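Descriptive structure summary
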Amino acid sequence: NQSIAMSTLAKLIPLADRVLVKRLVAQTKTAGGILLPDAALGEKQNEGTVIAVGPGARTPEGKIFPVNVNVGDKVLLPEYGGSAVKIGEEELFVFKEFELLGKFE
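Figured I'd write up the structure that's included with this text. (Residues numbered from 1 in each chain as written. Predicted model: local features only at pLDDT ≥ 70, side-chain atom pairs only at ≥ 80, totals over all residues. Heavy atoms only, no water.)

**Considerations on the sheet that holds strand β7 (residues 90-96)**
Hydrogen bonds between backbone atoms are what pair the strands of a sheet, whose relative direction is either parallel or antiparallel. Taken in spatial order, the six strands of this open sheet run β6-β7-β1-β2-β5-β8, and their pairing is antiparallel. Each edge of the open sheet is held by one strand with a lone partner, namely β6 (83-87) and β8 (102-104). Here the average twist between neighbouring strands, direction ignored, is 45°. As paired strands, strand β1 (residues 18-23) and β7 are joined by four bridges and run antiparallel to one another. Across the sheet, residue Arg18 finds its bridge partner in β7, namely Lys96. (Pairing = 2+ DSSP bridges. Helix = DSSP H or I, 4+ residues; strand = E, 2+ residues; numbered from the N terminus. Axes fitted to C-alpha atoms, helices over the stretch in contact; angles between N-to-C directions.)

Structure below.
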């Protein structure tokens, strides 16, 4: 099943200026090995890794305006937004480029 999910993921290419992002999972264990309860984790993580990007938005003249992020970039995500997509056991999110808040260097 894992190979089916990965092959599907490899074929999923967002359209226009959309970006497929895997949200980082909050640490559930401290460096000392203590397990943290869900309540201590607080809000969902607002950082993610770009998995795939679309070709970009089209201008009224028909030219493609490229997306400013690349596969593998670490991005800052809004607290809400994006469309959840479940592929196999992975939960990914599709955002329009303008919804992304920033890119980490």
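**Considerations on the packing of aromatic side chains**
Ring pairs (aromatic) are described by centroid distance and by the angle formed between their planes. Considering all chains together, one arrives at one aromatic pair under this definition. Pairing Phe93 with Phe95 gives two aromatic rings, centres 6.4 Å apart and planes at 35°, and the pair type is tilted. What makes Phe93 buried here is its relative accessible area of 13%. With a relative accessible area of 1%, Phe95 lands in the buried category. (Phe/Tyr/Trp six-rings, centres within 6.5 Å; stacked < 30°, edge-to-face > 60°. Buried < 20%, exposed > 50% of the residue type's maximum accessible area, 1.4 Å probe, protein only.)

**A word on the pattern of salt bridges**
Using the criterion set out here, one finds three salt bridges in the structure. With its nearest N and O atoms 3.2 Å apart, the salt bridge here joins Lys96 to Asp17. Taken together, the residues Lys96 in strand β7 and Asp17 in the loop between α1 (2-11) and β1 connect sequence positions 79 residues apart. Since its relative accessible area comes to 27%, Lys96 is described here as partly exposed. Under the relative-accessibility criterion, Asp17 is labelled buried at 11%. (Salt bridge = Lys/Arg side-chain N within 4 Å of Asp/Glu carboxyl O.)

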